[in-house]
Amino acid sequence: MHRLFSFVFKVIATFAMILFASSLVVLTESPPIYQEEGVAINGYDPVAYIESVSAVKGSQEFSTEWMGVNWQFSTAENRDKFIANPNSYAPQYGGYCAYAVSQNGLAVTDPLAFTVHEGKLYLNYNQFVTRLWRQGMNRFIEKGDANWPKVLQTNSISN
């Protein structure tokens, strides 16, 4: 009986370790930049958001790779500005929904649902979430900053 108990315990312990190890792989799969098919911000120009506070579709013709992701721009000038200082133009929280990050989660974003605040770009899941985000933006930014980037390790993206 003791041998049987010992064997069962070892099998359960091994199975638990395998589950734990496989869960670590899942927990670390969220990339630091939200992307669809390898393209950031659904192909929108991050410089246009900051400089003209508008969502402008970029082009593969004016693109660059940064942090392993393709970024597209509406002009060569915008691409060159981004290359010179990507952190000034890249969306906060890697382009994940800023409200979701403030709630310790990850969600996809709509490139038309955005806010530029103090020179920084915040994207949201949709227009409704953007309105919610703007109502408590300073508080949500504080929470998002506290959660980022560790939220990438503990969440998978929601659609």
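See above for the structure.
Residues numbered from 1 in each chain as written. Predicted model: local features only at pLDDT ≥ 70, side-chain atom pairs only at ≥ 80, totals over all residues. Heavy atoms only, no water.

J.: What am I meant to see in helix H6 (residues 127–135) here?
T.: Since one α-helical turn is 3.6 residues long, residues separated by three or four positions face the same way. Along H6, the residues that are buried comprise Val129, Thr130 and Trp133. Considered in projection along H6, the buried side chains sweep an arc of 105 degrees and stay on one side of the axis. Away from the buried face of H6 by more than 90 degrees, exposed residues Phe128 and Gln135 are located. Packing partners of the buried residues in H6 comprise helix H5 (98–102), strand S5 (110–117), strand S6 (120–124) and helix H7 (137–147). In this structure asparagine 126 caps H6, since a side-chain oxygen of it lies 3.1 Å from the backbone nitrogen of phenylalanine 128. (Buried < 20%, exposed > 50% of the residue type's maximum accessible area, 1.4 Å probe, protein only. Helix = DSSP H or I, 4+ residues; strand = E, 2+ residues; numbered from the N terminus. Arc of directions from axis to C-beta. Contact = heavy atoms within 4.5 Å. Polar contact = N/O pair within 3.5 Å; in protein donor to acceptor, adjacent residues only side chain to side chain.)

J.: I'm lost on the packing of aromatic side chains in this one. Help?
T.: Two numbers describe a pair of aromatic rings. These are the distance of the centres and the angle of the planes. In total, this model carries 12 aromatic pairs according to the counting rule given. Consider the rings of tyrosine 122 and tryptophan 133, whose centres lie 5.3 Å apart with planes at 40 degrees: the pair is tilted. Linking tyrosine 122 in strand S6 with tryptophan 133 in helix H6, this pair joins segments that are 11 residues apart in sequence. With respect to burial, tyrosine 122 and tryptophan 133 carry one shared label: buried. Through pairs of rings, three or more aromatic residues link up here, namely Tyr34, Tyr93, Tyr96, Tyr99, Tyr122, Trp133, Phe140 and Trp148. In this structure, arginine 139 is placed above the aromatic ring of phenylalanine 140, and the distance from its NZ or CZ to the ring centre is 4.7 Å. (Phe/Tyr/Trp six-rings, centres within 6.5 Å; stacked < 30°, edge-to-face > 60°. Lys NZ or Arg CZ within 6 Å of the ring centre and 35° of its normal.)

J.: Would you explain the pattern of salt bridges in this entry?
T.: Opposite charge on two side chains makes pairing possible when the charged atoms of those side chains draw close. Considering all chains together, one arrives at three salt bridges under this definition. Its salt-bridge partner being aspartate 80, residue arginine 79 comes within 3.3 Å of it at the nearest N-O pair. Bridged by salt links that share partners, the residues Glu51, Glu77 and Lys81 form one connected network. (Salt bridge = Lys/Arg side-chain N within 4 Å of Asp/Glu carboxyl O.)

J.: In this structure, what is going on with the side chain of serine 63? I would like to understand it.
T.: Along the chain, serine 63 falls in strand S3 (residues 59–66). One polar contact links the side chain of serine 63 to the main-chain carbonyl oxygen of glutamine 60, over a distance of 3.0 Å.

J.: Explanation requested: the pairing of S5 in the structure shown.
T.: Two faces, one strand: in a regular strand the side chains alternate between the faces of the sheet. With five bridges connecting them, S5 and S6 associate as antiparallel partners. Along S6, the bridge assignment pairs phenylalanine 114 with leucine 123. Here S5 folds back onto S6, and the loop between the two strands holds two residues, one of which, glutamate 118, carries a positive phi near 50 degrees. (Pairing = 2+ DSSP bridges.)

J.: Explain the environment of serine 30 here, please?
T.: You can see serine 30 is positioned in the loop between helix H1 (2–27) and strand S1 (35–36). Given a relative accessible area of 13%, serine 30 falls into the buried group. Along the sequence, serine 30 and asparagine 155 sit 125 residues apart, while their C-alpha atoms lie 7.4 Å from each other.

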